[in-house]
Every structure is written in C-alpha cells, then in structure tokens.
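Chain by chain, the residues run as shown.
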Amino acid sequence: MTDASDDSSQDTFISHLIELRTRLLRAVMAVLGIFVVLFIYPGPSLIYDILAQPMLASLPQGTRMIATGVITPFMVPIKVTLLAAFVLALPVVLYQAWAFVAPGLYRHEQRLALPLIISSTLLFLLGMAFCYFVVFHTVFTFIAHFAPQSITPAPDIEAYVNFVLTMFIAFGVTFEVPIAVILLVKTGMVTVKKLREVRGYVIVGAFVVAAVVTPPDVLSQILLAAPLCLLYEIGILAAAAIEKRKPAPEAEDEADAAKTAVQAGDDPS
C-alpha cells in the first residue's frame, strides 16, 4: 500500500514537472517569436531610437549619445528589442503561469487570480508609460538646464539603457501598490484601519525608497514618491470597498475539498 502511494506521488510530481516545462516553453516561444518579428520590423535600431528619444530631446542641438564598447552599438539595441518583446509577450507569460497554478486553486481563488494578473499587468505597463512620457522628459530636461554651459553632455548608450531599466522596474513595481494593499486586506493579514494608521510611516518609506532607486536629484525622487503615496491611498479606498462586502460562504471550496477527500479515500490500495 505504501509503495503504491509512493508511485502515485512520484507520477504526480513528474506530471507537474512536464506541465511546468510545457508552460515555460510556451512562454519562451512567445517572447522569441515576438523578438524575431521586432528584429525584422521595425528593427532593433529604431526601437532603441524610440527608447532614447526622451534623452535625445534634452541634449543640445547636434549632440548625440556615444558608445564606448566595441560591440555595444550591436548588443544594446538587441537587449532593448528583447526587453520590448518580453513586455509585449507579458500577457502570454502571465497566462502560462496562471494556467500552471490554476488547477491547484479553489474556484474562488481562480476567479480572483485572473483579474489580479490582468490588473497587475496593466498597472505595471502604466508605470512604465508614466516613467517614459512624464518622468524621463521632466528629469532629463531639468538636468540639461542645470548642467554648466562649459559641459557638453554625451551619455553612453549602455549606461542609459541600464538607467532606463532600473527606472522602468522601479515605477512598474510602484504602480503595483494598490494590488499589494488589496491582497493584504483580502487575505486578512492587515485591516484598512491599520493601513490608515501607518499612513505616515508609508509616506516616509516612500521617500526613502525613492531616494535609493532614483538618481540623486530631488525632482525624480518626488516623481516616484508622490505616485507611490497616491497609489497607496487608492489601494486603501479599494480595499475598504472590498472589506465592506460580506463574504459569501465558500460552498464551492467545501465541495472541492469533499471531492478531494472522497478521491483519496477511494484509493484501491
């Protein structure tokens, strides 16, 4: 009886590994497929030029960015194109992750997971868009006007891409704050009242985080900390609306649990 149970557990583990491999391959193929399309059209050079536009617009007339490495002019646009492919394929990647974990979730958890994946994806992309269209233009223009007249800025393209990636991640994660707040309340880890009580600490923490992840200028720090505080308040309002709803009895979860128990009891071994 023990051997049969061990064999069943091993088969289940192997089937999970096969399923994980399948989902990962599909996600990777989606990214690579979009990368190939972007590589053909519009091409890595044009994609990089679009990414560099906020910096180029702030440079003096006739000034360009530079590349100090031997293969940097080739590798940096490829890196940017791969990043763009991953962003465009993000819905497919997240769907594959959801499809892998969905069978192990209760029905009410499945209904919650898909909206969270969609909303978190949209918020992350919104954070990147805010960074590109608002933060970069404001910060680069401020730095260009602040620089002495005796200096001609000539940013290195690799350093610029690393800076852009850091800022994209910082603002993308920042815009996930409402999701994190809602999850904390939804799981019962904290109440809306407690979130309101620690509002002051959150504001201080927002400026500390902004000082760490952004360049050492006050403007970019404010542009990150202010949305973080605003999104925290939005998360509290959304969580309060959810908390007011009386939770319906999880009859489906109980049925699922009973079904699992029956299947376990019907083991012929």
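Residues numbered from 1 in each chain as written. Predicted model: local features only at pLDDT ≥ 70, side-chain atom pairs only at ≥ 80, totals over all residues. Heavy atoms only, no water.

1. Observations regarding unusual backbone geometry
Most of the time, phi is negative for any residue but glycine, and the peptide bond is trans.
Working step 1: Look at the link from Tyr 41 to Pro 42: it is a cis peptide, with omega at 10 degrees.
Working step 2: You can see Pro 42 is positioned in the loop between helix H1 (2-40) and helix H2 (44-58). (Helix = DSSP H or I, 4+ residues; strand = E, 2+ residues; numbered from the N terminus.)

2. Notes on the UniProt feature "transmembrane region" (unreviewed entry) in the protein chain
Working step 1: Those places that UniProt annotates as "transmembrane region" (unreviewed entry) correspond, in this numbering, to residues 24-41, 80-101, 122-147, 159-186, 198-216 and 222-242.
Working step 2: Secondary structure content for residues 159-186 is 93% helix and 0% strand, and the end C-alpha separation is 41 Å.
Working step 3: End C-alpha atoms of residues 222-242 are separated by 30 Å, and the span's content is 100% helix alongside 0% strand. (UniProt positions renumbered as here; feature names shortened; annotations may be inferred.)

3. Description of the side chain of Glu 176
Working step 1: Within the fold, Glu 176 resides in the loop between helix H6 (157-174) and helix H7 (177-186).
Working step 2: We note that Glu 176 is buried and unpaired, the nearest opposite charge coming from Lys 186 at a distance of 17 Å.
Working step 3: Engagement of the side chain of Glu 176 in a polar contact is seen with the backbone nitrogen of Phe 124, the distance being 3.3 Å.
Working step 4: Setting aside its immediate chain neighbours within four residues, Glu 176 contacts Ser 120, Leu 123 and Phe 124. (Buried < 20%, exposed > 50% of the residue type's maximum accessible area, 1.4 Å probe, protein only. Lys, Arg positive; Asp, Glu negative; His and termini not counted. Salt bridge = Lys/Arg side-chain N within 4 Å of Asp/Glu carboxyl O. Polar contact = N/O pair within 3.5 Å; in protein donor to acceptor, adjacent residues only side chain to side chain. Contact = heavy atoms within 4.5 Å.)

4. As for the confidence of the model for the protein chain
Working step 1: With 86% of its residues at a pLDDT of at least 70, the protein chain reaches an overall mean of 84.
Working step 2: Of all secondary-structure elements in the protein chain, the lowest mean pLDDT belongs to helix H11 (residues 251-265), at 51, while helix H3 (residues 72-88) reaches the highest, 94. (pLDDT = per-residue confidence, 0-100.)

5. Considering the packing of H6 against helix H10 (residues 218-244)
Working step 1: Packing of H6 against H10 leaves a shortest axis separation of 9 Å and a crossing angle of 20 degrees. It follows from the interaxial angle that H6 and H10 lie roughly parallel. The element H6 and its partner H10 pack so that their crossing is right-handed. Contacts between H6 and H10 pair Ala 170, Phe 171 and Thr 174 from the former with Leu 223, Leu 224, Leu 228 and Leu 231 from the latter. (Axes fitted to C-alpha atoms, helices over the stretch in contact; angles between N-to-C directions. Parallel < 35°, antiparallel > 145°, perpendicular 65-115°, else oblique. Left-handed = near helix turned anticlockwise from the far one by under 90°.)

6. Digging into the side chain of Ser 220
Working step 1: Position of Ser 220 among the secondary structure elements: in helix H10.
Working step 2: In this view, Ser 220 contacts Val 139, Thr 214 and Pro 215; residues no more than four positions away in its chain are not counted.

7. Here's the deal with the nonpolar core
Working step 1: Tyr 48, Met 65, Phe 136, Tyr 160 and Phe 168 are the most contacted members of the largest nonpolar core, which totals 54 residues.
Working step 2: If you tally residues by element for this core, the top one is H10, at ten residues.
Working step 3: Dropping the residues within four chain positions of it, Met 65 is found in contact with Tyr 48, Ala 52, Met 55, Leu 56, Leu 59, Pro 155, Asp 156, Ile 157 and Tyr 160.
Working step 4: By size, the runner-up hydrophobic cluster in this structure holds five residues, among which are Trp 98, Ala 99, Ala 113 and Ile 117. (Core = buried A, V, L, I, M, F, W, Y, C linked by side-chain atoms within 4.5 Å.)

8. Considering H3
Working step 1: The terminal C-alpha atoms of H3, which comprises 17 residues, lie 24 Å apart, in line with the 24 Å expected from a rise of 1.5 Å per residue.
Working step 2: Among the residues of H3, those classed as buried are Thr 72, Val 76, Pro 77, Ile 78, Val 80, Thr 81 and Ala 85. (Expected span 1.5 Å × (residues − 1).)

9. Thoughts on the pattern of salt bridges
Working step 1: Taken as a whole and assessed by the stated rule, the structure comprises three salt bridges.
Working step 2: Ionic pairing is found between Lys 194 and Glu 197, a salt bridge with its closest N-O pair at 3.9 Å. With Lys 194 and Glu 197 both in helix H8 (residues 192-197), this residue pair falls three residues apart, about one helical turn.
Working step 3: Residue classification places Glu 197 among the partly exposed residues on the basis of a relative accessible area of 49%.
Working step 4: With a closest N to O distance of 2.5 Å, Arg 199 and Glu 233 form a salt bridge. Of this pair, Arg 199 sits in helix H9 (residues 199-213) while Glu 233 sits in helix H10, and the two are 34 residues apart along the sequence.
Working step 5: Judged by relative accessible area, which is 28%, Arg 199 ranks as partly exposed.

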